[in-house]
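# Remarks on the overall topology
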Amino acid sequence: MPVEIAPSILTADFANLERELGRIAEADWVHLDVMDGHFVPNLTIGPPVIRRIAQVSPLPTDVHLMIDNPDRFAPDYAAAGADSVTFHLEAAKAPVRLARELRRQGAKAAVAINPATPVAALEDLLDEVDMVLIMSVEPGFGGQSFIERSLGKLARAKALIAGRPVKLEIDGGADRRTTPLIARAGADVIVAGSAVFGAEDPAAEIRALKELAR
Ligand code: DX5
Ligand code: ZN
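Residues take numbers from 1 onward in each chain, read along the sequence in its written order. Labels follow written order: the first chain is A, the first ligand is 1, and so on. Totals for whole chains, interfaces and linings use every residue, but because this is a predicted model, local features are given only for residues with pLDDT of at least 70 and side-chain atom pairs only at 80 or more, for both listing and counting. Side-chain calculation: all heavy atoms of the structure are included, whereas hydrogens and water are not.

## Observations concerning the pairing of strand β8 (residues 189–192)
- Relative accessibility under 20% of the residue-type maximum defines a buried residue, over 50% an exposed one, and the middle range a partly exposed one, all with a 1.4 Å probe and only protein chains included. Only DSSP runs of H or I with at least four residues qualify as helices, and only runs of E with at least two residues qualify as strands; both kinds are numbered from the N terminus onward. Both faces of β8 are covered, namely the face carrying Val189 and Val191 and the face carrying Ile190 and Ala192.
- Looking at chain direction, strand β1 (residues 4–7) and β8 are connected through four bridges and run parallel. Residue pairing across strands places Ala6 opposite Val191, the latter belonging to β8.
- Taken together, the three bridges between strand β7 (residues 167–171) and β8 define a ladder with parallel strand orientation. Counterpart to Asp171 in the pairing with β8 is Val191.
- Orienting the strands away from the viewer, one traces the path from the first strand over the helix to the second; a clockwise path indicates a right-handed crossover. Read from β7 through helix α6 (residues 178–184) to β8, the crossover connection turns out right-handed. When DSSP finds at least two bridges between two strands, those strands are taken to pair.

Encoded structure:
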């Protein structure tokens, strides 16, 4: 399977989201960053906006919840039509129950870990999720530089996943320099925000990243 690219709209033009979706048609997912001003020191969008994006997006939606109390709020995003819903392990009180609830609603369930959370914390969740997200920056903002230790984490997560049908995603600081390293470490899905939407031609940038990941 070629590596999939999931552009994050965090760096896109929020006044013209439908047009911005048209610029990333060659991607595999659209990555939607939800921030609540509590789990992270930034605030973005919520269920009503996700619902409209899911309705108009030609790409499947990869919703990344950087929020407190996902046990209470994450199911609202599955109900809003998200194809995949990622919650943070650091914020969830009952991650097994939450993952099961998301899947019951028909969404893919995914779990994310921050840079300082060890990969081993995922071990007992791997049979409950469709994807694992390794954060390669502290969540909250686009355009930060890649934390190099994340490459080792990716490789350890890959080994832990072993033969399970669980995708491995990385988020933060992916660009032309880091993409080949990320792909070699075993990522299946690469989130790229500023690299794609900061480029003159986002479609060409997606093609370049895919090529570099090969
Ligand atoms: C960071 C977000 C990322 C971010 C990635 O908190 O979760 O998805 O938008 O942006 P870049 O690719 O610019 O690091
Ligand atoms: Zn994200």
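## Thoughts on the environment of Ala54
- Along the chain, the position of Ala54 falls in helix α2 (residues 47–56).
- In what follows, a contact means two residues having at least one pair of non-hydrogen atoms within 4.5 Å. Setting aside its immediate chain neighbours within four residues, Ala54 contacts Thr61, Ala80 and Gly81.

## Considering the side chain of Asp62
- Inspection of the secondary structure assignment puts Asp62 in strand β3 (residues 61–66).
- Residues scored as positive are Lys and Arg, those scored as negative are Asp and Glu, and His as well as the terminal groups of each chain are ignored. The working definition used for a salt bridge is a side-chain nitrogen of Lys or Arg within 4 Å of a carboxyl oxygen of Asp or Glu. Buried Asp62, no salt bridge; nearest opposite-charge side chain is Lys167, N-O distance 9.9 Å.
- With sequence-adjacent residues up to four places away left out, Asp62 is seen in contact with Ala6, Trp29, Val30, His31, Leu32, Ser84, Thr86, Met131, Glu169 and Val191.

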